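# A closer look at the structure
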Amino acid sequence: MTNSDQTTWAAASGSGQPVKAAREDEGGDGGSKFDTGTITRTKPKTQKPNLYRVLLLNDDYTPMEFVVLVLQDVFNKTREEATRIMYSVHQKGVGECGVYPYEVAETKVTRVMDTARKNQHPLQCVMEKQ
Ligand code: TYC
């Protein structure tokens, strides 16, 4: 019988910290009835966040310079990288600006859409689960 058959791992524990485990019985691993059931996690349990791609869509009206400035400002791209992404979107119809956890991606989409609307450009920005 393995550890995982007998123990319930506490959720969201820190790496390498002792973890209190719930046990239904006393047998199986040589522990006495005074055994606290404390086990040490040797492999740190890291939880990965769900990631979202933020995409820029092409249109016929938004000025290229505006798109480049948005990519520099909102996505912290260099002038060169922003220009490359802008031309890629211009040619292919859609392009990735970055990959982020949900709330970061949402904030970036909102910033792009707000600045586009304020400047009366039809630029569209969306996010999709990776
Ligand atoms: N196609 C636009 C133009 O020719 C430029 C553009 C690029 C617009 C990327 C949107 O996401 C975009 N002015």
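Residues numbered from 1 in each chain as written. Predicted model: local features only at pLDDT ≥ 70, side-chain atom pairs only at ≥ 80, totals over all residues. Heavy atoms only, no water.

## Structural notes on helix 4 (residues 102-118)
What counts, and what does not: Helix and strand definitions here come from DSSP, where helices need a minimum of 4 consecutive H or I residues and strands a minimum of 2 consecutive E residues; each element is numbered from the N-terminal end. One less than the residue count of a helix, multiplied by 1.5 Å, gives the span that helix is expected to have. Whether two residues touch is decided by their heavy atoms; if any such pair falls within 4.5 Å, the residues are in contact.
Here helix 4 is 17 residues long and its end C-alpha atoms lie 24 Å apart, about the 24 Å a rise of 1.5 Å per residue gives. The inward-facing, buried residues of helix 4 abut strand 3 (51-57), helix 2 (64-75), strand 4 (94-101) and strand 5 (124-129). With its phi angle positive at about 60°, Gln 120 sits one or two positions after the end of helix 4.

## Concerning the site of the ligand
Formally: Whether a residue is near a molecule or strand is decided by its heavy atoms; if any one of them lies within 4 Å of it, the residue is near. Nitrogen and oxygen atoms within 3.5 Å of one another constitute a polar contact, given that in protein one can donate a hydrogen and the other can accept it, and given that sequence-neighbouring residues count only through two side-chain atoms. Only the protein chains shown count as cover for residues, with accessible areas throughout obtained via the Shrake-Rupley method and a probe of 1.4 Å. When residues are sorted by character, Ala, Val, Leu, Ile, Met, Phe, Trp, Tyr, Cys and Pro go into the nonpolar class, Asp, Glu, Lys and Arg into the charged class, and all the rest, Gly among them, into the polar class.
Taken together, the neighbourhood of the ligand is formed by Leu 56, Leu 57, Asn 58, Asp 59, Thr 62, Met 64, Val 67, Met 86, Val 89, His 90 and Leu 123. A distance of 2.7 Å is found between a nitrogen atom of the ligand and a side-chain nitrogen or oxygen belonging to Asn 58. For the ligand, whose free accessible area comes to 350 Å², the fraction covered by protein is 90%. Among the elements of the structure, strand 3, helix 2 and helix 3 (79-92) are those that each provide at least two residues to the shell around the ligand. The element best represented in the shell around the ligand is helix 3, accounting for 3 residues. When its residues are assigned to classes, the shell around the ligand shows 7 nonpolar, 3 polar and 1 charged.

## Looking at the pattern of salt bridges
Selection rule: Put simply, a salt bridge is a Lys or Arg side-chain nitrogen that is within 4 Å of an Asp or Glu carboxyl oxygen. Note on exposure labels: buried denotes an accessible area under 20% of the residue type's maximum, exposed denotes more than 50%, and partly exposed covers the range between, all computed with a 1.4 Å probe on protein chains only.
A full pass over the atoms with the stated rule returns 6 salt bridges. Of the charged contacts in the structure, one is a salt bridge between Asp 73 and Arg 111, with a shortest N-O distance of 3.7 Å. You can see Asp 73 sitting in helix 2 and its partner Arg 111 sitting in helix 4, a full 38 residues away along the chain. Judged by its relative accessible area of 37%, Arg 111 is partly exposed. Between Asp 114 and Arg 117 there is a salt bridge whose closest N-O contact spans 3.6 Å. Of this pair, Asp 114 and Arg 117 both sit in helix 4, 3 residues apart, roughly one helical turn.

## Some points on the nonpolar core
Generally speaking, a soluble globular protein has its nonpolar side chains buried in company with each other. For clarity, the cut-off: Buried Ala, Val, Leu, Ile, Met, Phe, Trp, Tyr and Cys residues form a nonpolar core when they are joined through side-chain atoms within 4.5 Å.
Val 54, Leu 56, Leu 71, Phe 75, Val 112, Leu 123 and Cys 125 are the most contacted members of the largest nonpolar core, which totals 22 residues. Where this core is concerned, the elements lending two or more residues are strand 3, helix 2, helix 3, strand 4 and helix 4. In terms of residues, this core owes the most to one element, helix 2, which gives 7 residues. The residues touching Cys 125, leaving out its near neighbours within four places in the chain, are Val 54, Leu 55, Leu 56, Phe 75, Val 109, Val 112 and Met 113.

## Quick notes on the confidence of the model for the protein
The line we're drawing: Each residue carries a pLDDT score, the predictor's confidence in it, ranging from 0 to 100.
Per-residue confidence for the protein averages 79 on the pLDDT scale, and 71% of its residues sit at or above 70. Counted against residues more than four places away or in other chains, residues 1-32, with its pLDDT under 50, gives 46 contacts.

## Details of the packing of aromatic side chains
This is how it is decided: Aromatic rings from Phe, Tyr and Trp, with only the six-membered ring used for Trp, were paired whenever their centres fell within 6.5 Å, and each pair was classed as stacked if the ring planes differed by under 30 degrees, edge-to-face if by over 60, and tilted otherwise. Throughout this description, the term charge over a ring refers to an Arg CZ or Lys NZ atom that lies within 6 Å of the ring centre and within 35 degrees of the ring normal.
Tallying each qualifying case throughout the model produces 2 aromatic pairs. Between Tyr 52 and Tyr 102, the aromatic rings sit 5.1 Å apart at their centres with planes inclined by 80°, giving edge-to-face as the arrangement. With a gap of 50 residues between them, Tyr 52 in strand 3 and Tyr 102 in helix 4 connect regions that are remote in the sequence. Stacked on the ring of Tyr 100, the Lys or Arg Lys 108 has its end atom at 5.1 Å from the ring centre.

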